[in-house]
Amino acid sequence: MRGYFADEHLLIIPLRDVAGLRLYGEVVGAHRALLTVAVTEHAKSGDEITVDLTRVDYLANSVLETLVALALSLTPPKRLCLLAPPELGLAERLEHHGWDQIDTLRLAG
């Protein structure tokens, strides 16, 4: 899945300068498998895998759980970096579950 993906809810494009993806639109449960494959492929490219969610309007809890599981599967120094706008409430959602303490997961934005 090194290329692009698009459906009626979501557009995924690879980032140019770093290992990772930029997402646009709504990320729903049906996108979990696709996102898993894409992040796993990019994990081979560097120590930090970026998932840019700054253009995402909605992120399903099941997708967040999938991203957390992917981060937990990484071995340091590899880590998953989520770029997210405050409107998604990721800081609060991660903290609520204690996921903000995961060494291989970083939230930026």
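Up top is the structure these notes are about.
Heads up: these notes are all about the structure in this document.

Rules of the game
Residues numbered from 1 in each chain as written. Predicted model: local features only at pLDDT ≥ 70, side-chain atom pairs only at ≥ 80, totals over all residues. Heavy atoms only, no water. Core = buried A, V, L, I, M, F, W, Y, C linked by side-chain atoms within 4.5 Å. Buried < 20%, exposed > 50% of the residue type's maximum accessible area, 1.4 Å probe, protein only. Helix = DSSP H or I, 4+ residues; strand = E, 2+ residues; numbered from the N terminus. Contact = heavy atoms within 4.5 Å. Pairing = 2+ DSSP bridges. Axes fitted to C-alpha atoms, helices over the stretch in contact; angles between N-to-C directions.

## With respect to the nonpolar core
- With 31 residues, the main nonpolar core has L23, L53, L59 and L80 as its most contacted residues.
- For this core, the elements supplying multiple residues, two or more each, are strand 2 (10-14), strand 3 (20-27), helix 1 (32-42), strand 4 (48-59), helix 2 (61-73), strand 5 (79-83) and helix 3 (90-97).
- Looking at which element gives the most residues to this core, the answer is helix 2, with six residues.
- When near neighbours in sequence (up to four residues on either side) are disregarded, L53 contacts L23, L59, L83, A84, P85, L88 and L90.

## Notes on the sheet that holds strand 3
- The six strands are arranged 1-2-3-4-5-6 in an open sheet whose pairing can be described as mixed. Looking along the sheet, the strands with just one partner apiece sit at the ends: strand 1 (5-6) and strand 6 (105-108).
- Of the pairings in the sheet, the one linking strand 3 to strand 4 comprises seven bridges and is parallel in character. Looking at the pairing, V27 lines up with L59 of strand 4.
- Docked against the sheet, helix 1 engages strand 1, strand 2, strand 3, strand 4 and strand 5, running at close to 165° with respect to strand 3.
- Seen against the sheet, helix 3 touches strand 4, strand 5 and strand 6 and runs at an angle of roughly 150° to strand 6.

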